[in-house]
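Fold and contact review
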Amino acid sequence: MEPQLAEPSPKGSRKVILQGNEACAKAAIYAGCRFFAGYPITPSTEIIEFLSSEMISVGGTFIQMEDEIASACAIVGARWGGKKAMTATSGPGFTLMQETIGYAAVTETPVVIVNVQRGGPSTGQPTMSSQQDIYQVKYGSHGDYEIIAMTPSSVQEMYDFTIRAFELSEKFRTPVILLADEVVGHMREKVTIYEGEKAIRGGHRNYVVSPQEDFYTGGNCLVEGQLHDEEGMRIGHLPSKSGEFIRSICGKIQNHIDEIQDVQSYFMEDADIAILAYGSVSRSALNAVKQAKGIKLSADEKEGKLRFLKKLVRKKSAEENPYSHLNVGLIKVNTVWPFPEKQIRRLAAKCRYVFVPEMNNGKYCREIERCLKECKVISLPKIGGEMHSPAELLESIAKEVKEDE
Amino acid sequence: MNRLMERYLRLDALPTLFCAGCGNGIIQYAAISAIENLGIRKDTALVSGIGCSSWIPCYLNMDVMHTTHGRALAFAQGLKLARPGKKVIVFTGDGDCLAIGGNHLLHACKRNIDITVILVNNHIYGMTGGQKSPATPENAVTKTSPFGAYDEPMQGAEIAMSLGATYVARWTAAHPVQLQKSIEAGIKHKGFSLIEVISQCPTQSGKSVYGNKDPAFIINYLKQNSFIYKEGMEEPSGRIKCGILLHDNDKPEYIERMENKTEQYRKRL
Ligand SMILES: Cc1ncc(C[n+]2csc(CCOP(=O)(O)OP(=O)(O)O)c2C)c(N)n1
Ligand code: SF4
Ligand SMILES: [Mg+2]
């Protein structure tokens, strides 16, 4: 399925150079977000800083809360007051928000939460990148629920996926997480942004388990964190109804995965080796694929922020392409959750190898192993805060393939 | 059933979870009466945390948000900021408000944001079965203070005053009429108002605090062991201080301050 990006608004678009976090903040405004509550934390701070003035100038509300717990709670409260709402944080703050994320899921509150990942655990590596929260984003709050999480890999995607996050959260009435990382949060790129405000329709009743109105509209709503029926009335003490409720809130996401999922493929038509990547690592992965194919890198790619690239380009021009024998393509997962299992299976059907580079100890690869039984799934974890370079990826792949032959 | 109650209750949600003789019913009625008297039912949302006392609004046919333990004020502030023209009333317990929710209380008071809090102080964790709360009196034997409590108990109303709340009152469940009037005054007050109600939990604090599980005994005790504070009076020691403890109309409210400060930067509204 083609990625569903934001359509240009009738008021037109323009090209600007933005930092990833800034693009996310601008996209929120464009998506109609009019409430932001947050607490500063590196590497997400530019979002709260930018919105402290921008939100005011569009007539919205901005508040710096006393902590991330309060920030997450405040956006849920604001959404019931009828304002589209967002917060942004990183590692430790995201951990503090987990109880409220579960509350938003169970009360079917559409909110957007941005986690610009840094290295953990604990205070960890405040200024370094990671993809270590890939499981926390799905399983961080207690109990059974489903989450939608998107992983941008460029400044343009920070912009587009933020808009998409608002669309999905309103449509399915559920919290959506923009799972960014320090690399995309802080890089600057040329992006297309839109003027005006996108009309995002809310409250698609057919997806919702307990349809409720915004407050102060005469609905007499009961927004309830206990498992509840359509009226909000508690059913937590009734086993069969409770089971049904859990199946419904999970089902509304699982059963509409075709509408939600966004998986891109590059050069996969006849590839027998795939790199499956998400977030900023998919940039290196795409470069690695192009290198192997002997495709010239664009000027952007050459001049990009990624130091290693220059090294690689220099090396390549001096020697023969040593990776031309690798028939490799890229599967780029933009919606990491709900897990786009069928789509990945379809794209990787002809693969002998699927390599999964991640800036963590090797996490998402377990999902891939589970769904791709016919091929060899190889985890390429990298911890410490740096992204894989294309050269590293190609070396690992070549080594693995050679050993097998 | 009382006619007013009938109009306000979600009848299909009854019976309530409350034990017989619990103070929560008295407080619920006082709140309904206040809302009805002010004619603000449609413009009011009720937000609560977790605890027996936080169930008070869940039986009312109004916009209600039953949130997570300790966080009611954080949700409520988001709601209020999103809809400054509307009313928000928070129901919370001594554990919910003073223990786990203490940080939010501190900041909400300091902001002087226009929200009314009804703090139901039964001196114990009622819902979880009678453990010590920050308000449990010294020496009380509870499920988690088997040798008698030794923390100095927290005084909700005084804490709110010291933190910057601008309307603060305390009553007991034995003062339903005064309680209702204070809730009304708190709602009308432009700023952060907190009304602490010393309430009975016959099931848990009956034994731990009063040594008697009979609700009538506790109500009598509250009546006899409280006094109504008047400015300048000599305060009798060892008795519960009731009355309007603070009413300050001078301190600017948070959203007003926010709007004044940012007015010139708002391009369009
Ligand atoms: C995060 C969290 N910790 C603990 C609990 C368990 N819990 C539920 S109610 C409660 C205490 C409630 O006491 P209080 O606020 O005084 O309300 P009461 O029941 O006495 O009215 C606790 C500890 C919880 N629900 N959530
Ligand atoms: S346990 Fe106590 S506070 Fe809870 S309902 Fe029973 S009497 Fe009321
Ligand atoms: Mg209590």
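What follows covers the overall build of chain A. Scanning chain A for helices and strands turns up 16 helices and 16 strands. Across its three principal axes, chain A shows a C-alpha extent of roughly 70 × 50 × 45 Å. For chain A, the residues scored as buried account for 63% of the 405 residues in total. Residue pairs at least 24 apart in sequence account for 77% of intrachain contacts in chain A once pairs closer than 6 positions are excluded.

Okay, the site of ligand 2 next. Close to ligand 2 lie Phe-18, Cys-19, Cys-22, Cys-52, Asn-122, Gly-126, Cys-201, Pro-202 and Thr-203 of chain B, which account for all nearby residues. Taken together, the residues of the shell around ligand 2 break down into six nonpolar, three polar and no charged.

What follows covers unusual backbone geometry. Leave glycine aside and you will find that most residues have negative phi; peptide bonds, for their part, are mostly trans. All names here are of chain A. Of note, the amide linkage connecting Gly-120 to Pro-121 takes the cis form, showing an omega dihedral of 0°. Residue Trp-337 is joined to Pro-338 through a cis peptide bond whose omega torsion reads -5°. Mapped onto the elements, Pro-338 comes out in the loop between strand S14 (335–337) and helix H14 (341–347). Phi is positive for Tyr-216, close to 65°, though the residue is something other than glycine.

Residues and elements named next belong to chain B. Around ligand 1 there are 17 residues in total, and Cys-52, Ser-53, Asp-94, Asp-96 and Gly-126 lie nearest to it. In this structure, an oxygen atom belonging to ligand 1 sits 2.8 Å away from a main-chain N or O atom of Cys-52. In the model, an oxygen atom of ligand 1 is placed 2.7 Å from a nitrogen or oxygen of the Asp-94 side chain. With the chains in place, 77% of the 590 Å² that ligand 1 exposes on its own is no longer accessible.

Low-pLDDT portions of the prediction should not be read for the details of their coordinates. When the pLDDT values of chain B are averaged, the result is 97; 99% of them are 70 or greater. With pTM at 0.95, the complex prediction returns an ipTM value of 0.98.

As a further point, take the coordination of the magnesium ion (ligand 3). All names here are of chain B. Each protein donor to the magnesium ion (ligand 3) is listed here as Asp-94 (OD), Asn-122 (OD1) and Ile-124 (O); together their distances run 2.0 to 2.1 Å. The sequence motif formed by the donor residues of the magnesium ion (ligand 3) is D-x27-N-x1-I. For Asn-122, a relative accessible area of 9% puts it in the buried group. Judged by relative accessible area, which is 2%, Ile-124 ranks as buried.

On the surface, Leu-17, Ile-50 and Met-127 of chain B cluster together into a nonpolar patch covering about 230 Å² of accessible area. Mapped onto the elements, Ile-50 of chain B comes out in the loop between strand S1 (44–48) and strand S2 (63–66).

A word on the side chain of Asn-121 of chain B. All names here are of chain B. Inspection of the secondary structure puts Asn-121 in strand S4 (residues 116–121). Looking at Asn-121, its side chain comes within polar contact range of the main-chain nitrogen of His-123, at 2.8 Å. For Asn-121, the residues in contact, after removing those within four places along its chain, are Asp-94, Ala-135, Glu-196, Val-197, Ile-198 and Ser-199.

Right, let's talk about the nonpolar core for a bit. In summary, soluble globular proteins display a tendency toward joint burial of nonpolar side chains. Counting 99 residues, the largest nonpolar core has Trp-337, Val-354, Tyr-364 and Ile-368 of chain A together with Phe-192 of chain B as the members making the most contacts within it. Among the elements that line this core, the one with the most residues is helix H3 (residues 68–80) of chain A, at nine residues. Split by domain, the residues of this core number at least three in each of domain 1 (13–194) and domain 2 (263–404) of chain A. If we ignore the near neighbours within four places in the chain, the residues touching Phe-192 of chain B are Leu-73, Leu-105, Ala-108, Cys-109, Asn-112, Ile-113, Asp-114, Ile-115, Val-117, Ala-165, Thr-166 and Tyr-167 of chain B. Counting 73 residues, the second-largest nonpolar core is a separate cluster that includes Ala-31, Phe-161, Ile-163 and Val-401 of chain A.

In this section: the packing of aromatic side chains. A complete count under the given rule lists 18 aromatic pairs over all chains for this structure. Summarising the aromatic geometry, the rings of Trp-337 of chain A and Tyr-364 of chain A are spaced 5.5 Å apart at their centres and angled 85° between planes, so their arrangement reads as edge-to-face. Note that Trp-337 of chain A is positioned in strand S14 and Tyr-364 of chain A in helix H15 (residues 364–371), a separation of 27 residues in sequence. The exposure class of Tyr-364 of chain A is buried, given its relative accessible area of 0%. Clustering of aromatic rings is evident, with ring pairs tying together Tyr-135, Tyr-139, Tyr-278, Trp-337, Phe-339 and Tyr-364 of chain A. Just above the ring of Tyr-8 of chain B sits the side chain of Arg-41 of chain B; from NZ or CZ to the centre is 4.0 Å. A cation over an aromatic ring shows up here: Arg-111 of chain B above the ring of Tyr-254 of chain B, its NZ or CZ 5.9 Å from the ring centre.

Another point: the domain arrangement of chain A. Residues and elements named next belong to chain A. As far as domains go, chain A holds domain 1 (13–194) and domain 2 (263–404). Inter-centroid distance (C-alpha atoms) of domain 1 to domain 2 is 27 Å. Of the residues lining the interface, 28 residues belong to domain 1; the matching set on domain 2 comes to 26 residues. For the domain 1 and domain 2 pair, buried surface summed over both sides reaches about 2200 Å², with 56% attributable to carbon and sulfur atoms. When the buried area of domain 1 at its contact with domain 2 is split by residue, Gln-131, Ile-134 and Tyr-135 rank highest and sum to 31% of it. Joining domain 1 to domain 2, the criterion identifies two salt bridges. The salt bridge partner of Lys-332 is Glu-157, with a shortest N-O separation of 2.5 Å. Every element with two or more residues in the side of domain 1 that touches domain 2 is listed here: strand S6 (125–129), helix H6 (136–139), strand S7 (148–150), helix H7 (155–172), helix H8 (182–186) and strand S9 (188–194).

Calculation rules
- Residues numbered from 1 in each chain as written.
- Chains lettered and ligands numbered in written order.
- Predicted model: local features only at pLDDT ≥ 70, side-chain atom pairs only at ≥ 80, totals over all residues.
- Heavy atoms only, no water.
- Helix = DSSP H or I, 4+ residues; strand = E, 2+ residues; numbered from the N terminus.
- Buried < 20%, exposed > 50% of the residue type's maximum accessible area, 1.4 Å probe, protein only.
- Contact = heavy atoms within 4.5 Å.
- Near = heavy atom within 4 Å.
- Nonpolar A, V, L, I, M, F, W, Y, C, P; charged D, E, K, R; others polar.
- Polar contact = N/O pair within 3.5 Å; in protein donor to acceptor, adjacent residues only side chain to side chain.
- Areas by Shrake-Rupley, 256 points an atom, 1.4 Å probe, with all protein chains shown as cover.
- pLDDT = per-residue confidence, 0-100.
- Donors = N, O, S within 2.8 Å, 3.2 Å for Na, K, Ca; no water.
- Patch = residues over 30% accessible without salt bridge, like charges linked within 9 Å, V, L, I, M, F, W, Y side chains within 5 Å.
- Salt bridge = Lys/Arg side-chain N within 4 Å of Asp/Glu carboxyl O.
- Core = buried A, V, L, I, M, F, W, Y, C linked by side-chain atoms within 4.5 Å.
- Domains from an automatic or database assignment.
- Phe/Tyr/Trp six-rings, centres within 6.5 Å; stacked < 30°, edge-to-face > 60°.
- Lys NZ or Arg CZ within 6 Å of the ring centre and 35° of its normal.
- Buried area = accessible area lost by both parts, 1.4 Å probe.

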